[in-house]
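Here are the chains, one letter per residue:
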Amino acid sequence: MTASDKTKAANQMWGGRFAEGPDAIMQAINASIGFDKRLYAQDIAGSRAHAAMLAATGILSDKDAAAIGEGLLTVLSEIETGAFQFKVELEDIHLNVESRLTEIVGEPGKRLHTARSRNDQVALDFRLWVRDQSDAAIEGLSGLMRAFVAQAEAGADWVMPGFTHLQTAQPVTWGHHMMAYVEMFARDRSRFEDARRRMNECPLGAAALAGTGFPIDRHMTASALAFDRPTANSLDSVSDRDFALEFLAAASICAMHLSRFAEELVIWSSAQFRFVRLSDKWTTGSSIMPQKKNPDAAELLRAKLGRILGATVALFTVMKGLPLTYSKDMQEDKEQVFDAADSLMLGLAAMTGMVGDMNANREVLKTAAASGFSTATDLADWLVRRLDLPFREAHHVTGTLVAMAEKKGCDLPDLSLAEMNEVHAGITDEIYSVLGVENSIRSRMSYGGTAPDQVRAQVARWSEALK
Ligand code: ARG
């Protein structure tokens with residue numbers, strides 16, 4: 001290589017002080033274009049807002065700004081139609097777009113980077129992308145909640161066993177169980193809304209780290225890009241990635257909720273439980289066992305938290321030791337967030353589909369609800385209400401009756417009054433009215449309880465809120 005070839009190989013965007021281009025391996029570790037091309041729309045929107053502001057403040061001529069604005073739209077359509085050639089020697093999306101812009105419009109393209117740095121540029125692009133994903137998560141969660149509300153509305157009074165420790169505890173309603181997830185996903189949604197509110201400040205104009213001597217108007221770019229305001233500290237603006245961490249944290253909690261219901265679906269759809277039938281659309285067969293219908297979608301959903309939480313831990317680890325302000329480590333933020341966001345959106349869509357299609361096996365649920373001494377608490381409560389027993393004593397009497405039934409191999413309502421009176425003489429045959437599961441669920445009228453009327457009230461509240 002001659003000296004002039006070497007200089008040519010140096011980066012055309014910043015190669016002035018470089019005599020040689022990068023080593024091939026340096027290029028491989030340094031370039032981010034392979035993944036940050038996903039930020040193209042945000043990058044172009046940010047550059048258009050920046051150019052318009054440079055013209056409005058007299059930093060750039062109207063003519064140059066117009067050429068840049070137009071040229072960027074050409075770049076956008078080239079990327080969208082697949083005509084654009086991404087170049088690894090141009091490192092990242094920012095340099096790829098700017099270089100192509102300059103090829104198209106000439107000299108004005110070289111003026112676009114006035115009063116800006118890739119540091120505030122990437123902070124902006126990534127924030128815009130995460131903001132879009134937060135909106136998508138909010139949207140996806142609303143759809144999922146609607147699917148759960150529809151299940152709850154249909155089955156507000158279907159009885160099923162409620163569990164603690166996966167042991168039958170007390171009868172509950174199908175609707176109540178479905179609405180429990182509505183509450184969880186509503187909190188998830190509000191976490192994305194909160195994070196979105198906090199991230200909605202525009203870092204553009206922080207420049208490399210210290211701000212700029214050009215008379216820019218940061219309020220103008222902030223409002224053009226639908227931010228509430230510009231960020232208030234330039235050092236923080238280029239080095240903050242907590243908006244992405246908050247997104248990942250919210251995504252992790254949400255994925256944990258998805259995973260819990262996925263786990264219930266795996267259990268419920270098994271031949272041992274048969275609480276639900278999953279539709280053919282969300283299951284697979286086995287290549288060797290013809291009888292199998294496997295809940296693969298639910299299993300994969302259960303697993304997705306591994307990726308999403310993994311991304312969260314990865315980004316925390318990238319960020320934790322970085323002195324202010326920008327360090328190249330931060331380029332490692334994007335792939336993790338991209339993967340986590342993709343996993344979350346797919347998970348939300350799959351769960352929405354599965355919940356919409358699943359069929360509760362009402363008879364099985366009802367039989368299961370009545371087994372396992374599930375109305376023992378109702379019996380104890382009756383002893384308190386009618387015989388004025390202290391609850392601890394009522395608990396003991398009931399426990400003795402449960403042991404008696406267990407020994408006989410029957411359920412509580414199968415014990416005769418005479419047998420019950422052996423344990424406590426005050427019991428009358430009114431007791432049988434509280435031992436039925438229907439009576440049990442109807443009696444749980446406390447606010448937020450499982451009684452069908454309580455469930456219907458929550459269904460009505462959420463149907464309204466989700467309109
Ligand atoms: N590709 C870089 C990233 O993702 C853009 C910012 C580069 N800034 C710099 N000073 N090298 O972080």
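Residues numbered from 1 in each chain as written. Predicted model: local features only at pLDDT ≥ 70, side-chain atom pairs only at ≥ 80, totals over all residues. Heavy atoms only, no water.

Caption draft 1: Fine view of the nonpolar core. Counting 97 residues, the largest nonpolar core has Trp-174, Phe-192, Phe-261 and Met-351 as the members making the most contacts within it. In this structure, Ala-380, Leu-389, Ala-394 and Leu-415 belong to the second largest nonpolar core, which totals 21 residues. (Core = buried A, V, L, I, M, F, W, Y, C linked by side-chain atoms within 4.5 Å. Buried < 20%, exposed > 50% of the residue type's maximum accessible area, 1.4 Å probe, protein only.)

Caption draft 2: Summary view of the environment of Ile-59. Mapping Ile-59 onto the fold places it in the loop between α4 (40–56) and α5 (62–81). Put simply, Ile-59 and Ile-427 are 368 residues apart on the chain and 91 Å apart in space, counted from C-alpha to C-alpha. In this view, Ile-59 contacts Leu-54, Thr-114, Phe-214, Pro-215 and Ile-216; residues no more than four positions away in its chain are not counted. (Helix = DSSP H or I, 4+ residues; strand = E, 2+ residues; numbered from the N terminus. Contact = heavy atoms within 4.5 Å.)

Caption draft 3: Layout of the UniProt feature "domain: Fumarate lyase N-terminal" (unreviewed entry) in the protein. Taking the UniProt record as the reference, the feature "domain: Fumarate lyase N-terminal" (unreviewed entry) is found at residues 16–310. Between the C-alpha atoms that bound residues 16–310 there is a distance of 40 Å. The span itself is 62% helix and 6% strand. (UniProt positions renumbered as here; feature names shortened; annotations may be inferred.)

Caption draft 4: Expanded view of the pairing of strand β1 (residues 159–164). The pairing of β1 with strand β2 (residues 167–173) spans six bridges and is classified as antiparallel. Of the residues in β2, the one forming a bridge with Met-160 is Val-172. Between β1 and the antiparallel strand that follows it, β2, lie two residues; His-165 among them carries a positive phi value of about 55°. (Pairing = 2+ DSSP bridges.)

Caption draft 5: View of the site of the ligand. Every residue lining the ligand is accounted for by Ser-32, Asp-36, Asp-92, His-94, Arg-118, Asn-119, Val-122, Tyr-326, Gln-331 and Lys-334. One nitrogen or oxygen atom from the side chain of Tyr-326 is found 2.4 Å from an oxygen atom belonging to the ligand. Taking Lys-334, its side chain carries an N or O atom lying 2.7 Å from an oxygen atom of the ligand. In isolation the ligand has 340 Å² of accessible area, and contact with the protein removes 86% of it. In terms of residue count, the dominant contributor to the shell around the ligand is helix α8 (residues 118–154) (three residues). (Near = heavy atom within 4 Å. Polar contact = N/O pair within 3.5 Å; in protein donor to acceptor, adjacent residues only side chain to side chain. Areas by Shrake-Rupley, 256 points an atom, 1.4 Å probe, with all protein chains shown as cover.)

Caption draft 6: Spotlight on the side chain of Asn-119. Looking at the secondary structure, you find Asn-119 in helix α8. When its relative accessible area of 17% is taken as the criterion, Asn-119 is described as buried. There is a polar contact of 3.1 Å between the side chain of Asn-119 and the backbone oxygen of Ala-208. Each residue touching Asn-119, except ones within four places of it in the same chain, is listed here: Ala-207, Ala-208, Val-238 and Tyr-326.

Caption draft 7: Fine view of the pattern of salt bridges. Tallying each qualifying case throughout the model produces 29 salt bridges. Here Asp-135 and Arg-196 are joined by a salt bridge, their closest N and O atoms 2.6 Å apart. With Asp-135 in helix α8 and Arg-196 in helix α9 (residues 174–199), the pair connects residues that are 61 residues apart, well separated along the chain. Classification of Arg-196 as partly exposed rests on a relative accessible area of 22%. The closest approach of N and O atoms between Arg-461 and Glu-183, which form a salt bridge, is 3.1 Å. (Salt bridge = Lys/Arg side-chain N within 4 Å of Asp/Glu carboxyl O.)

Caption draft 8: Region of interest: the environment of Ala-350. Residue position: Ala-350 is located in helix α14 (residues 333–357). Ala-350 sits 67 residues away from Thr-283 along the chain, and the two C-alpha atoms are 11 Å apart. If we skip the residues at most four places from it in the chain, Ala-350 touches Trp-282 and Leu-301.

Caption draft 9: Representation of the environment of Glu-91 in the model. The residue Glu-91 is located in the loop between α5 and α6 (93–105) in this model. In this structure, the C-alpha to C-alpha distance between Glu-91 and Gly-34, residues 57 residues apart in sequence, is 8.8 Å.

Caption draft 10: Quick look at α5. In this model, α5 (20 residues) spans 29 Å end to end at C-alpha, consistent with the 28 Å of a helix rising 1.5 Å per residue. Inspection of α5 places Asp-64, Ala-65, Ile-68, Gly-69, Gly-71, Leu-72, Val-75, Leu-76, Glu-78 and Ile-79 among the buried residues, and these make up the whole buried set. The inward-facing, buried residues of α5 abut α4, α6 and α7 (107–111). Within two residues after α5, Gly-82 carries a phi angle of roughly 85°, on the positive side. (Expected span 1.5 Å × (residues − 1).)

Caption draft 11: Quick look at the layout of surface pockets. The space that makes up the largest pocket amounts to roughly 430 Å³. Considering the residues around the largest pocket, the lining is formed by 15 residues, among which Phe-163, His-177, Tyr-181, Arg-260 and Glu-264 are closest to the centre. At the level of elements, β1, α9 and α12 (242–268) are the ones that each hand at least two residues to the lining of the largest pocket. Residues that form the lining of the largest pocket fall into these classes: nine nonpolar, three polar and three charged. As a volume, the second largest pocket reaches approximately 310 Å³. Around the second largest pocket sit 15 residues that line it, and Ser-269, Ser-270, Ala-271, Val-276 and Lys-293 are the ones nearest its centre. Of the residues in the lining of the second largest pocket, the class split is five nonpolar, six polar and four charged. (1 Å grid on protein atoms, 1.4 Å probe; cavity = no way out; pocket = protein on both sides within 12 Å on 5 of 7 lines; lining within 4 Å. Points joined across faces, edges and corners; volume = space filled by probe spheres on them. Nonpolar A, V, L, I, M, F, W, Y, C, P; charged D, E, K, R; others polar.)

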